[in-house]
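# Coordinate analysis (summary)
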Amino acid sequence: MRLRLSWESQTVTWVKKLILRPSFGWQCLGLVNWQLYLDLQGRAVEKSGGLRSSFLKATTTTFHHAINESEKASYVAHINNYLAEDKFLKDFLPIDPATDALFDLAKDGVLLCKLINVAVPGTIDERAINTKKVLNPWERNENHTLCLNSAKAIGCTVVNIGTQDLVEARPHLVLGLISQIIKIQLLADLNLKKTPQLVELVDDSQEVEELLSLAPEKVLLKWMNFHLKKAGYQKQVTNFSTDLKDGEAYAHLLNALAPEHSTHSTLDAKDPTERANKVLEMAEKLDCKRYLTPKDIVEGSPNLNLAFVAQIFHHRNGLTDSKTTTFAEMMTDDAETSREERCFRFWMNSLGATTYVNNVFEDVRNGYVMLEIVDKIFPGTVNWKQANKPPIKMPFKQVENCNQVIQIGRNLNFSLVNVAGNDIVAGNKKLIIAFLWQLMRFSILQLLKNLRTHSQGKEITDADILNWANNKVKKAGRTSQMESFKDKSLSSGIFFLELLSAVEPRVVNWGLVTKGETDEDKKLNATYIISVARKLGCSIFLLPEDVIEVSQKMMLTLTASIMYWSLQQQEAASDDGEISDEIFVEGRENETGLSGETSDVAVDSES
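Residues numbered from 1 in each chain as written. Predicted model: local features only at pLDDT ≥ 70, side-chain atom pairs only at ≥ 80, totals over all residues. Heavy atoms only, no water.

Where an unreviewed UniProt entry is consulted, the protein appears under the name Calponin-homology (CH) domain-containing protein, with the organism given as Gossypium tomentosum. Taken directly from UniProt, the Subunit (unreviewed entry) text for the protein runs: "Interacts with F-actin." The record in UniProt for the protein states the following under Subcellular location (unreviewed entry): "Cytoplasm, Cytoskeleton". (UniProt positions renumbered as here; feature names shortened; annotations may be inferred.)

### Examining helix 25 (residues 519-536)
With 18 residues, helix 25 should cover 26 Å at 1.5 Å per step; its first-to-last C-alpha distance of 26 Å lies within 8% of that length. Most of helix 25 sits out of view: 13 of its 18 residues are buried. In the segment just after helix 25, Gly 537 is the residue with positive phi, at about 135°. (Helix = DSSP H or I, 4+ residues; strand = E, 2+ residues; numbered from the N terminus. Expected span 1.5 Å × (residues − 1). Buried < 20%, exposed > 50% of the residue type's maximum accessible area, 1.4 Å probe, protein only.)

### Details of the nonpolar core
Here is a general trend for soluble globular proteins: nonpolar side chains tend to be buried in one another's company. One finds Leu 177, Trp 223 and Met 224 to be the most contacted residues of the largest nonpolar core, which totals 167 residues. Excluding anything up to four places from it in sequence, Trp 223 contacts Leu 201, Leu 253, Leu 257, Val 309, Ile 312, Phe 313, Arg 316, Asn 317 and Leu 319. (Core = buried A, V, L, I, M, F, W, Y, C linked by side-chain atoms within 4.5 Å. Contact = heavy atoms within 4.5 Å.)

### Points about the pattern of salt bridges
Applying the stated criterion to the full structure yields 23 salt bridges. The partner of Glu 69 in a salt bridge is Lys 72, with the nearest N and O atoms 3.9 Å apart. Within this pair, Glu 69 and its partner Lys 72 are both found in helix 4 (residues 69-82), separated by three residues, close to a single helical turn. Since its relative accessible area comes to 2%, Lys 72 is described here as buried. Two residues, Asp 91 and Lys 133, come together in a salt bridge whose shortest N-O distance is 2.9 Å. Placement of the pair is Asp 91 in the loop between helix 4 and helix 5 (101-106) and Lys 133 in the loop between helix 6 (110-119) and helix 7 (137-153), with a sequence separation of 42 residues. (Salt bridge = Lys/Arg side-chain N within 4 Å of Asp/Glu carboxyl O.)

### Some thoughts on the environment of Glu 217
Within the element layout of this structure, Glu 217 appears in helix 11 (residues 216-230). Since its relative accessible area comes to 24%, Glu 217 is described here as partly exposed. For the pair Glu 217 and Leu 306, spaced 89 residues apart in sequence, the C-alpha to C-alpha distance is 7.6 Å. Contacts of Glu 217, omitting those with residues within four sequence positions, involve Lys 183, Leu 187, Phe 240 and Leu 306.

### Notes on the packing of helix 17 (residues 335-350) against helix 22 (residues 429-451)
Across the interface, helix 17 lies against helix 22 with an axial gap of 11 Å and an inter-helix angle of 50°. Between helix 17 and helix 22, the angle is such that the two are oblique. Here helix 17 and helix 22 pass one another in a crossing that is left-handed. Contacts from Glu 340, Glu 341, Cys 343, Phe 344, Trp 347 and Met 348 in helix 17 reach Ile 433, Leu 436, Trp 437, Leu 439 and Met 440 in helix 22. Broken down by class, the residue content of the contact of helix 17 with helix 22 amounts to nine nonpolar, no polar and two charged. (Axes fitted to C-alpha atoms, helices over the stretch in contact; angles between N-to-C directions. Parallel < 35°, antiparallel > 145°, perpendicular 65-115°, else oblique. Left-handed = near helix turned anticlockwise from the far one by under 90°. Nonpolar A, V, L, I, M, F, W, Y, C, P; charged D, E, K, R; others polar.)

### Remarks on the confidence of the model for the protein
The pLDDT averaged across the protein works out to 83; a share of 81% of its residues lies at or above 70. In this model residues 584-602 is a low-confidence stretch, pLDDT under 50, and it forms 36 contacts with partners more than four residues away in sequence or in other chains. (pLDDT = per-residue confidence, 0-100.)

### Quick look at the environment of Glu 545
Following the sequence through the fold, Glu 545 ends up in helix 26 (residues 544-548). Taking the C-alpha atoms as reference points, Glu 545 and Glu 336, 209 residues apart in sequence, are found 9.1 Å from one another. Ignoring anything within four residues of it in the chain, the contact list for Glu 545 reads Arg 339 and Lys 523.

### Focus: the side chain of Lys 522
The topology assignment puts Lys 522 in helix 25. No salt bridge is formed by the buried Lys 522. Its closest oppositely charged neighbour is Asp 519, at 4.7 Å. Residues in contact with Lys 522, not counting those within four places in the same chain, are Ser 491, Ser 492, Gly 516, Glu 517 and Ile 548. (Lys, Arg positive; Asp, Glu negative; His and termini not counted.)

### Quick notes on the packing of aromatic side chains
Note on aromatic pairs: each is described by the distance of the centres and the angle between the planes. Throughout the structure, instances matching the rule amount to eight aromatic pairs. On the numbers, 5.6 Å between centres and 45° between planes, the contact of Phe 88 with Phe 92 is tilted. According to the relative accessible area criterion, Phe 88 is buried, its value standing at 11%. Taking 5.2 Å as the distance between ring centres and 85° as the angle between the ring planes, the aromatic pair formed by Trp 223 and Phe 313 counts as edge-to-face. (Phe/Tyr/Trp six-rings, centres within 6.5 Å; stacked < 30°, edge-to-face > 60°.)

Below, the structure is given as structure tokens:
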């Protein structure tokens, strides 16, 4: 028994070196195959305390999951259409939907990364994607890590998808992720900022507020019903499935939007399949690609019907500019507030709560989603017996939820000066952002504290993060240093690239780095930083503008995320669980100054 344990201990130590030192790994791959390495990697992670990335999952029993061949064909058509001119992928396209070519192509991660950039342009710096014709397993894993972290950053739910799932190209998971990415692309304009003409769907300011909080697919339904009502269609369409099966709603919608192509033959058709076919013929006259079949309409395929309606919206929404200025004052968020709302929205959704947040300022007002997020971060802190579950019609019930949120914040020593639950119910943007920032910051610090088993219970501060980063860069032989998280020199991006290179030397291609002197060079460096960090495994939600403008909050979260990743690797590689880097040496004397530095984001209702 003792001999067996000794062998396991040595194996785990050896595999930790494989995990952390890719060059060492490739030297050893002549001794073991990659699948064995992955199995041993899982054991090493488990033995080191479960320090697996939030995306990585232990191997589980494989079940057969049936996939929808019609959806697969639709997604393949979408990919063939939007990525046909891609310099790397054009050699592999078009994909034949009748084969498994889609899944084979998805295995190296390039396709999924490119698809994310089609959905939300600029999300991934393509210089960070490994695009060799033949990738080794490590490079393939990096692409999938970049893909999953980027998918989270645009709003996909990926808590149950791991890099190994994508390496193996498990069809139901690959299609599920592709479906989410395409849906985000198709629904991108279904909001008042992108399409202000949507105010035509409502009659007063209260309804505008409701419109702001609606999920994009709900806005699409509202738009569809708006035109159907004007066309005299008596039924209300409440879903993209059963309500569209007979094709009548489509016929009325297209007749209303494209009267020049209007025909009674579509409505006169007795057979639903015949009517569905005529609907698609009419849609093609509007240049809507036939991504679904008459059978998909008749069978009520919700994903494909949603995609079809979204496509009709993009080609002809039938809205006017007559009311766009009426509610313009409701869309006056400054750029920084908008970026922060986006950051917190995607961060909240990444935690896997049951309520999906579409608009932070509107969706948190009933307090329930806040309680869900708090419970995800600090299980057991929420008294669910006193929580009121939506729909909540009585305002005082919303206040009760928000009061509990504020009380939990006070218990966590958040700065909440003269703040009560009704401030959240009222939708005070400044207070909501400040509370969420303190919640995110506290969560990050707790993650770091839990990793530092040798810290003897000491709290980790902003000063510790700053000192760790400066020491890491200095030890790597670099000269950059940051004085604070609002140090204007950070806008060049050089410090963060040197920090990333210090924690993993192979991850930064210095041939792609600019001097960061001009605005254009700063933008190039900033986009590269974000993609490289995600490629490593950092879960971050900032934008290049946050780096260029040196957003204090985002600089702290970026640095802390890199630190967390680095310490995870060191702790996994340490035989006794101790970490060599000391973050508590130097800098404690500066702790007070840094704490004051973040005080400007405290919540104060009187400021």
